Amino acid sequence: MSRAVLSLGSNLGDRLAYLRLALDTVGPALVAVSSVYETKPWGVEDQPDFLNAVCLVDDPARDHWAWLATAQAAEQAAGRVRELRWGPRTLDVDVVTVDAVTSDDPRLLLPHPGTPDRASVLIPWLEIEPDAVLLGHGPVADLLRARPEEDTAGVVLRPDLRLR
């Protein structure tokens, strides 16, 4: 079994369509997908707001490198251009975690190092996996409780937008 958590984000163009494209790319491996949330940009703040979601995927034929290739294929299909770190993007697909795999390879850091600090990942992840645990960091619910109120308040549920 190769179970992974993927974080999806888009802040350029048809944001919802790009998130859907990511789900189409994982295909039948999709197990669950969160609601859509809108968040302010992080890192480079002078850019449009993001739509974010998290999905759980499972495919015994894919290891962590295959999940990275899947994420990159979705970004490429969305026409992502990497011009500025943390800059605007049509689609960002991060591999958050894959089974109990850890990696310090700069091409694929696992678990994703930004996860404990990103309410935009923690909130949707908890929605679809309430007992989630981030390897090396503990329960995701505890990580979320440790975030400042302004971080969690900035993750706004968009019930008018649906991925499935």
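Residues numbered from 1 in each chain as written. Predicted model: local features only at pLDDT ≥ 70, side-chain atom pairs only at ≥ 80, totals over all residues. Heavy atoms only, no water.

Caption draft 1: Structural view of empty space enclosed by the protein. In the structure shown here, the tally under the stated rule is one cavity of 30 Å³ or more. Elements that contribute at least two residues to the lining of the largest cavity include exactly strand 1 (3–10), helix 1 (15–26) and helix 2 (64–77). The residue makeup of the lining of the largest cavity, split by class, is seven nonpolar, two polar and no charged. (1 Å grid on protein atoms, 1.4 Å probe; cavity = no way out; pocket = protein on both sides within 12 Å on 5 of 7 lines; lining within 4 Å. Points joined across faces, edges and corners; volume = space filled by probe spheres on them. Helix = DSSP H or I, 4+ residues; strand = E, 2+ residues; numbered from the N terminus. Nonpolar A, V, L, I, M, F, W, Y, C, P; charged D, E, K, R; others polar.)

Caption draft 2: Main features of the packing of helix 1 against helix 2. Contact geometry for helix 1 and helix 2: axes closest at 9 Å, N-to-C directions at 140°. Taken together, the axis directions place helix 1 and helix 2 in an arrangement best described as oblique. Crossing of helix 1 over helix 2 shows right-handed handedness. Across from Leu21, Ala22, Thr25 and Val26 in helix 1, the residues of helix 2 making contact are Trp67, Thr70, Ala73, Ala74 and Ala77. Tallied by class, residues from the contact of helix 1 with helix 2 come to seven nonpolar, two polar and no charged. (Axes fitted to C-alpha atoms, helices over the stretch in contact; angles between N-to-C directions. Parallel < 35°, antiparallel > 145°, perpendicular 65-115°, else oblique. Left-handed = near helix turned anticlockwise from the far one by under 90°. Contact = heavy atoms within 4.5 Å.)

Caption draft 3: View of unusual backbone geometry. For the bond from Leu110 to Pro111, the omega torsion is -10°, close enough to zero to count as cis. Of note, Pro111 is situated in the loop between strand 7 (108–110) and helix 3 (119–128). One non-glycine residue, Asp99, adopts positive backbone phi at about 45°. Accessibility expressed as a relative area gives 36% for Asp99, which makes it partly exposed. (Buried < 20%, exposed > 50% of the residue type's maximum accessible area, 1.4 Å probe, protein only.)

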